[in-house]
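The lines below spell out each chain.
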Amino acid sequence: MIEAPRYDDWLMEMPDEMLVRLAAPLEMLQFQFYVDPPLERHLVRAARVCCAACATGLEDCPPDMRAAFRVLADVVGVRLSVTAP
C-alpha cells in the first residue's frame, strides 16, 4: 500500500478527518516498511493500527484507496465496516 502509485494522491484526496486519524499510523507503517532489515512484528502491528484507525470512514475516500485498505485489512485480520467498492 505504501508503494501504491496513487499513495500521494490518496493523502490529498482523503477527507481531512481521515487524514488526521491516519497520519501517524501511516507514518509508522511507512517507517517500518522501509526499515532494513524489516522487523516483521512491528510492520504487522503498524498495518493493524492503520486498519483500525480507518475501520470507519473509508466510504468518503477514493475507491482504489478503499480497495487497498480492504486487502491490507484482510491480510492482517482486521474487520473494516466499509461496504462500498
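Our subject is the structure that appears above.
Everything in this summary refers to the structure shown in the same document. (Residues numbered from 1 in each chain as written. Predicted model: local features only at pLDDT ≥ 70, side-chain atom pairs only at ≥ 80, totals over all residues. Heavy atoms only, no water.)

Moving on, we get to helix α3 (residues 40-53). A rise of 1.5 Å per residue sets the reference length of α3, with its 14 residues, at 20 Å; its end C-alpha atoms lie 20 Å apart and thus fit the reference within 8%. Listed in full, the buried residues belonging to α3 are Ala46, Ala47, Cys50, Cys51 and Ala53. Down the axis of α3, the buried set is contained in an arc of 165 degrees. They therefore lie on one face. Turned more than 90 degrees away from the buried face of α3 sit Arg41, Arg45 and Ala52, all of them exposed. Buried-residue contacts for α3 involve α2 (16-34) and α4 (63-76). (Helix = DSSP H or I, 4+ residues; strand = E, 2+ residues; numbered from the N terminus. Expected span 1.5 Å × (residues − 1). Buried < 20%, exposed > 50% of the residue type's maximum accessible area, 1.4 Å probe, protein only. Arc of directions from axis to C-beta. Contact = heavy atoms within 4.5 Å.)

Mapped onto the fold, Glu27 is located in helix α2. Counting along the chain gives 25 residues from Glu27 to Ile2, while the straight-line C-alpha distance between them is 9.6 Å.

With that settled, the discussion passes to the packing of aromatic side chains. Under the criterion given, the structure shown has one aromatic pair. Arranged with centres 4.9 Å apart and planes meeting at 85 degrees, the rings of Phe33 and Tyr34 form a pair that is edge-to-face. Residue Tyr34 is classed as partly exposed on the basis of its relative accessible area, which comes to 47%. (Phe/Tyr/Trp six-rings, centres within 6.5 Å; stacked < 30°, edge-to-face > 60°.)

Once that is clear, we can look at the side chain of Gln32. Relative to the elements of secondary structure, Gln32 occurs in helix α2. A residue is classified by how much of its surface remains accessible, and Gln32, at 10% relative accessible area, is buried. Beyond its immediate sequence surroundings of up to four residues, Gln32 is in contact with Pro38, Leu39, His42, Leu43 and Ala46.

Across the interface, α2 lies against α3 with an axial gap of 8 Å and an inter-helix angle of 160 degrees. Relative to α3, α2 is oriented roughly antiparallel. Of the two possible hands of crossing, α2 and α3 adopt the one that is left-handed. Along its contact with α2, which presents Arg21, Leu22, Pro25, Leu26, Met28, Leu29, Gln32 and Phe33, the element α3 presents His42, Leu43, Arg45, Ala46, Ala47, Val49, Cys50 and Ala53. Of the residues in the contact of α2 with α3, the class split is twelve nonpolar, two polar and two charged. (Axes fitted to C-alpha atoms, helices over the stretch in contact; angles between N-to-C directions. Parallel < 35°, antiparallel > 145°, perpendicular 65-115°, else oblique. Left-handed = near helix turned anticlockwise from the far one by under 90°. Nonpolar A, V, L, I, M, F, W, Y, C, P; charged D, E, K, R; others polar.)

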